[in-house]
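Architecture and fold: a report
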Amino acid sequence: MEKIFYPVDKERMEELLGSPWLEIEETTRQVRDIIREVSESGDQALYNYTARFDGVKLDNLKVGDGEIKTAYQEIDSSLLRAIKKAVKKIAAYHQKQLQQSWFNYDQGGMTGQLINPLERVGLYIPGGRAAYPSTVLMTALPARLAGVKEIVAVSPANKEGKIPAPTLVAMGEAGVDEIYKIGGAQAVAALACGTETIKKVDKIAGPGNIYVTLAKKFLYGMVDIDMLAGPSEVLILADGTASSRFIAADLLSQAEHDPLARSILITTEQRLIEETEKELEKQLSVLSRKDIAGASLQDRGLLIRVENLEVGMELVNRFAPEHLE
């Protein structure tokens, strides 16, 4: 990780704030080709790209009821309880966000707001490097509460041609109606354009890698999207009372997502920077995804010391991170 004492000159600051997605010409070309192929060849393109990118030859695209039942049998009971508990908590939170239709009649005229749920939405659930049942709950439950009639999820299959059991169970608990074993830009294209097997959706939500995000960007207008998310990033602003052990764990929690992820610590304490460096090395050594996290920290990690927290907060606003602690 790079260590910096802030402030720095303007050019250096622009480098620090720069996006890793600025030089993406080749990726852009690949994503456009994938979208074109899926729109023209439908299911066959999905089978071909799954074999090419995920290394698995699928017999069918859709997850059957039997696979979901098997997932419930395979999942650890403590994890199942955690998922069920999370469903209740997340649903309770989003229940408070629901908007209501209202109308006002005044002097012969009417104004108001009509709230109608979408008919069909698609959820992109990452799965190439790890399983993300939390993403299922965070996307499917708001859709269900809003009254969306058809919720469709796509997630890449592993080498055995399966979606991990925790992800499938989360989909079952959240009330997902259709599940397909595809990922990447090709899955986004299938949701937006439709194929012989997959009916097109009205909106796509959920994070993914650079290919997924660019596909959402190019297909916006043909289909609605939530946002252009990623690469993941976390920024921690800490004073001298913070625990280096907790800081290191939280930095790694985002670094392990993607080599392009960014993890940043801003603090007034040189001691905390040194302790966090040691703790990162210790925790990284036992992390199952240490190659990815290590690359992220090496290329994109920052340890920044500032004179005081007010300066730190100014810097936080300049970074405008996805996750702030």
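Before going into details, it helps to say that this report is about the structure given with it. (Residues numbered from 1 in each chain as written. Predicted model: local features only at pLDDT ≥ 70, side-chain atom pairs only at ≥ 80, totals over all residues. Heavy atoms only, no water.)

Take the overall build of the protein chain next. For the protein chain, the helix and strand inventory stands at 13 helices and 12 strands. A compact globule built from 325 residues would reach a C-alpha radius of gyration of about 20 Å, and the protein chain, at 22 Å, matches this within 12%. Counting only residues that meet the buried cut, the protein chain has 45% of its 325 residues in that class. Within the protein chain, residue pairs in contact and separated by at least 24 positions form 75% of the contacts whose partners lie at least 6 positions apart. Surface summary for the protein chain: the accessible area is close to 17200 Å², and the carbon and sulfur share equals 50%. Positive and negative charge centroids in the protein chain, built from 38 and 47 side chains respectively, lie 5 Å apart. (Helix = DSSP H or I, 4+ residues; strand = E, 2+ residues; numbered from the N terminus. Rg over C-alpha atoms; globule rule 2.2 N^0.38 Å. Buried < 20%, exposed > 50% of the residue type's maximum accessible area, 1.4 Å probe, protein only. Contact = heavy atoms within 4.5 Å. Areas by Shrake-Rupley, 256 points an atom, 1.4 Å probe, with all protein chains shown as cover. Lys, Arg positive; Asp, Glu negative; His and termini not counted. Charge placed at Lys NZ, Arg CZ, Asp CG, Glu CD.)

Along the chain, Arg289 falls in the loop between α11 (270–284) and α12 (290–300). A polar atom in the side chain of Arg289 sits 2.6 Å from the backbone oxygen of Glu256. (Polar contact = N/O pair within 3.5 Å; in protein donor to acceptor, adjacent residues only side chain to side chain.)

The next thing to look at is a nonpolar patch on the surface. Taken together, the side chains of Phe103, Tyr105, Met110 and Leu114 make up a nonpolar region of the molecular surface, amounting to roughly 490 Å² of accessible area. Relative to the elements of secondary structure, Tyr105 occurs in strand β2 (residues 102–106). The exposed category is assigned to Tyr105, whose relative accessible area is 63%. (Patch = residues over 30% accessible without salt bridge, like charges linked within 9 Å, V, L, I, M, F, W, Y side chains within 5 Å. Salt bridge = Lys/Arg side-chain N within 4 Å of Asp/Glu carboxyl O.)

A separate point is the packing of aromatic side chains. We describe a pair of aromatic rings using the distance from one ring centre to the other and the angle between the two ring planes. On inspection of all chains with the given rule, the structure shows 1 aromatic pair. Here the aromatic rings of Tyr49 and Phe53 are separated by 5.5 Å at their centres, their planes lie at 5 degrees, and the arrangement is stacked. With a gap of 4 residues between them, Tyr49 and Phe53 both fall in helix α3 (residues 43–54), about one helical turn apart. By relative accessible area, Tyr49 is classed as buried at 10%. Seen from the ring of Phe218, Arg32 lies directly overhead, with NZ or CZ sitting 4.1 Å from the centre. (Phe/Tyr/Trp six-rings, centres within 6.5 Å; stacked < 30°, edge-to-face > 60°. Lys NZ or Arg CZ within 6 Å of the ring centre and 35° of its normal.)

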